[in-house]
Amino acid sequence: MRKLKLVMVGNGMAGVRTIEEILKIAPDMYDITVFGAEPHPNYNRILLSPVLAGEMTIQDIILNDLDWYKDNGINLQTGKKIVTIDRKKRKVIADDGTEAEYDRLLLATGSNPFILPIPGKDLPGVISYRDIADTDAMITTAATHKHAVVIGAGLLGLEAANGLAIRGMDVTIVHIGDWIMERQLDKMAGLMLQQALETKGMKFRLPAQTAELIAGESGRVAAVKFKDGETIPADLVVMAAGIRPNTELAEKAGLHCNRGIVVSDTLQTFDPRIYAVGECANHRGIAYGLVAPLFEQAKVCANHLAMFGIGRYQGSVTSTKLKVTGIDVFSAGDFSGGDGTEDIVLSDPGMGVYKRVVIKSDKIVGAVMYGDTVDGSWYFQMLKDAQDIHEIRDHLLFGKSNLGDAGHKGQNSAASLPDTAEVCGCNGVCKGVIVKSIKEKGLFTLEDVRKHTKASSSCGSCTGLVEQILASTIGGAYTPADSNSKAVCGCTDHSHGEVRAAIRDLHLLSIPAVMTAMDWKTPNGCASCRPALNYYLTSSWPHEAIDDPQSRFINERAHANIQKDGTYSVVPRMWGGLTTPNELRAIADAAEKYKVPTVKVTGGQRIDLLGVKKDDLPKMWDDLAKAGMVSGHAYGKSLRTVKTCVGAEHCRFGTQLSMEMGVKLEKMLFGMYSPHKVKLAVSGCPRNCAEAGIKDVGVIGVDSGYEIYVAGNGGIKTEVAEFFCKVKTDDEVMEYSGAFLQIYREEAYYLERTVHYVQRVGLDYVKAKVVEDAANRKALYERLLFTLQGYKDPWLERSASVGVAELKKPFEDLTV
Amino acid sequence: MSDWKKICALTDIPVLGSRVVKSEKHGDIAIFRNSSDEVFAVHDKCPHKGGPLSQGIVHGKQVTCPLHSWKIELDSGNAVAPDVGCTKSFAVKTEGGEVFLTI
């Protein structure tokens, strides 16, 4: 079959990303020709500022080198500017006469700087700031001349000014607005930023209008004259007063343009054979100038060019981050205020911190931050997700990490951190390593950074910080993914919510059935999606769906906890933390018999035998079973323990029989698998010695009954459990706790702890479903009990003497 | 050269699972079976921190190490980029439902 011809005009980031997406999904569909006016392959335009500031070189910012074009069979024509599109003959013609025919044409012509229409605008020494040539011109001028004037205090203007100041020039920034970056920052943040830049040696003139650029004796620009008549010396003038979509070619070809080439939600222009992406395109009235939306456009456009026909681009919410070393500023959304909006403001100019979140109908619509920007991504995420924030409103401004975050010394301003600061305490990754990887390897997403550096890939408590480092390195190019629509993993485009719904609605019963129904891209998934699918199946269709042991993490397959040297740990269950001399004797005997190197008391009130060889496990379980002990599930995404205090049985303060209550709960929930681990505690009085305030379900006895708290967490990040309800009887404790855990089991995403589930859906919602709706509570509770019916102790099933041969096999080694 | 040693029946290895072969000379060798009944053998030691690859989740022609989730190509023993490393692979074949290994 003859390949179709795809021609792309413009060799920039949006266009080349589109080509990359096409090559991923339909590598053999097109013969591709690319025309670029610049003599370079595709480079990371965002990083021109670090090049200007001397932090990087041009070579560092090349995204696709010439070999990439060659390896992918792309005919690259650099240094050729397309001047005509012949839509009838379906070909494009370059300024040197080169022609190329197309079946599909992709316009990615980018934008042009806006040049003020003032006398002197064409003088030597007057430039804009768009490409490598401009950057080179600034670097050369800085070496030989003294005075620079930058017109326009937007993102680009300030970055240009910063670079020129670092290169030793005396820089004045001229701006027409009342404060700098007025489209991205409010006045307060703008003033704080201006002061910070002034301490770096930059001067400001605002509000000021430029009237004329005056030539010197050599013919080169020598001074800038303002409307009020004053003049200041200028050997270099950088025009950074905005950009305009480059539509010249499209307009000449008769394509409908209106401040950009007008495109549909599929990035198609009014000529169906022609598509447009990037800064040249006008989508629903907006021409985006930041990279993140352009990448989203590229993905949708590629989907249609590859004839899949299912993507739809519906616009983007953008955020802004200034790339000036040592200065943290962030903004997102609409912060202009207006009817129905409210401001929550934290302002401490002395400490250099300013945060303002704009709220409308309990949702975040905008955010501006200066100084402490670590929560920028968090606000932005909630803004994009349109999350209801009324429950967290009282501590919203203190940020996501106000409490209990560990591992990076509570750092909260990414840009001012030194390169040597440890960001990820789990994997020992410091800031310098992250920044270097982002720049050298062209990383754009949190996932990329995790893969390449391992930072934030373990416990995740430094995620906010890593996101800010990413944002401050690549600027507005960074957008966090929508948490609700984020794909499960690289094997699919579907989100956790979509997968859950499909399993429920289509009554899917096995992993292959899900993968077929939802068009999985890999033959049998990966280590991320398979455990999730297995959980969704078995929790949606208990006793019906097939539980696949090969899709469970090793701990849930071996029913013990794998250790760093490949040995396992065994934790016998001690119901409610209670034990007997007989059980202790059995544990001691087993520890000696199997030469267990370490015996440790766990945080969940039981005993851990560490360092057991895998083939000893069935034998050890045999011995423990004979003493009446069962699996402690210290390893699974499952019920772990119910911690108890002594309670009214012995304690002089106790009001309720907490040990008995704990044992009853633990026996009820034995063998309960869940999206993540689940821990409970029961305290006999409000002194709360069982620490019920940091458990997934915490029960606290009072004289008149029990208070139930939910969604606490004592791990990576301490989260205090929230009051759920008060009940009178033990049976009610079982029913309310069970129903809460069941709604979590049915609705949470895999690996989402109760705290994150409740944060996502809102405590009010969960209360409405469990506390207020008695019929629904009873139905949830019954579904939980049905699921747990007939659960067999996994240890006994695999024990040496009475276990099932097939289940014991994985514990037996082969020999040669 | 053709020093093939019979190890086990193909059905002794679960689909998308593994078994461990103890060898005095070579240490533990992990034998994997994927969903198309292809069989692979690699040294049961992740190039990262020595994790037992046999205990990982098998997908396609790869296994994910249970310790820190490095992905290893089962046919070559190479780590999947951006991680870098390699574990030794061994020749393995199936014939008449039996698995043979040469070491």
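What counts, and where the lines are drawn
- Residues numbered from 1 in each chain as written.
- Chains lettered and ligands numbered in written order.
- Predicted model: local features only at pLDDT ≥ 70, side-chain atom pairs only at ≥ 80, totals over all residues.
- Helix = DSSP H or I, 4+ residues; strand = E, 2+ residues; numbered from the N terminus.
- Rg over C-alpha atoms; globule rule 2.2 N^0.38 Å.
- Buried ≥ 20, exposed ≤ 12 C-beta atoms within 10 Å, placed from the backbone.
- Contact = placed C-beta atoms within 7 Å.
- Nonpolar A, V, L, I, M, F, W, Y, C, P; charged D, E, K, R; others polar.
- Pairing = 2+ DSSP bridges.
- Domains from an automatic or database assignment.

### Structural notes on the overall build of chain B
Next, step 1: In terms of regular secondary structure, chain B is built from 0 helices and 9 strands.
Next, step 2: Tracing chain B from N to C terminus, the helices and strands come up as β-β-β-β-β-β-β-β-β.
Next, step 3: Its C-alpha atoms give chain B a radius of gyration of 13 Å, within 12% of the compact-globule value 13 Å for 103 residues.
Next, step 4: With respect to the principal axes defined by its C-alpha atoms, chain B has extents near 40 × 30 × 20 Å.
Next, step 5: The proportion of buried residues among the 103 residues of chain B is 44%.

### Let's talk about the overall build of chain A
Next, step 1: Along chain A, the regular secondary structure elements total 25 helices and 37 strands.
Next, step 2: Each principal axis of the C-alpha distribution contributes one length, and for chain A these read about 100 × 70 × 55 Å.
Next, step 3: Across the 816 residues of chain A, 49% fall into the buried class.
Next, step 4: The contacts in chain A between residues at least 6 apart in sequence include a share of 63% that link residues at least 24 apart.

### Details of unusual backbone geometry
Next, step 1: Omega for the bond connecting Leu206 of chain A with Pro207 of chain A falls within 30 degrees of zero, at -5°, which places this linkage in the cis form.
Next, step 2: Turning to its location among the elements, Pro207 of chain A is positioned in the loop between strand S12 (203-205) and strand S13 (210-215).
Next, step 3: Between Ala81 of chain B and the following residue, Pro82 of chain B, the backbone shows a cis peptide bond with an omega angle of 5°.
Next, step 4: Considering the arrangement of structural elements, one finds Pro82 of chain B in the loop between strand S7 (71-73) and strand S8 (89-95).

### Comments concerning the interface of chain A and chain B
Next, step 1: On the chain B side, the residues contacting the 20 residues of chain A number 27 residues.
Next, step 2: Taken together, the elements giving at least two residues each to the side of chain A that touches chain B come down to helix H11 (446-453) and strand S37 (814-815) of chain A.
Next, step 3: Considering only residue class, the side of chain A that touches chain B consists of 8 nonpolar, 8 polar and 4 charged.
Next, step 4: The pairing of S37 of chain A with strand S2 (residues 17-23) of chain B spans 2 bridges and is parallel. Within S2 of chain B, the position partnered with Leu814 of chain A by the bridge is Val21 of chain B.

### Points about the domain arrangement of chain A
One widely used convention gives an interface's size as the accessible area the parts lose upon coming together.
All names here are of chain A.
Next, step 1: What the domain assignment lists for chain A is domain 1 (4-111 + 245-305), domain 2 (126-241), domain 3 (319-477), domain 4 (496-552), domain 5 (553-631 + 793-816) and domain 6 (639-788).
Next, step 2: Centre-to-centre separation of domain 4 and domain 6, based on C-alpha positions: 28 Å.
Next, step 3: Opposite the 8 residues of domain 4 that make contact, domain 6 presents 8 residues.
Next, step 4: Take the side of domain 4 that touches domain 6: its biggest share by element is 6 residues, from helix H15 (residues 529-540).
Next, step 5: Per-class residue counts for the side of domain 4 that touches domain 6 are 5 nonpolar, 3 polar and no charged.

### A word on the pairing of S8 of chain B
All names here are of chain B.
Next, step 1: For strand S4 (residues 39-43) and S8, the ladder comprises 2 bridges, and the chain directions are antiparallel. Looking at S8, one finds that Ala41 is bridged to Phe90.
Next, step 2: Bridge count for S8 against strand S9 (residues 98-102) is 5 bridges, and the pairing is antiparallel. Residue pairing in the sheet places Thr94 in a bridge with Val99 of S9.
Next, step 3: Two successive antiparallel strands, S8 and S9, enclose a turn made up of 2 residues, where Gly96 displays a positive phi of approximately 55°.

### Comments concerning the sheet that holds strand S31 (residues 607-612) of chain A
Residues and elements named next belong to chain A.
Next, step 1: A sheet is described by the order of its strands in space; here 4 strands give the open sequence S28-S29-S31-S30, paired in antiparallel fashion. At either end of the open sheet lies a strand with only one pairing partner, and these are strand S28 (561-562) and strand S30 (598-601).
Next, step 2: Note that strand S29 (residues 568-570) and S31 share 3 bridges and pair antiparallel. Bridge pairing in S31 links Ser569 to Leu610.

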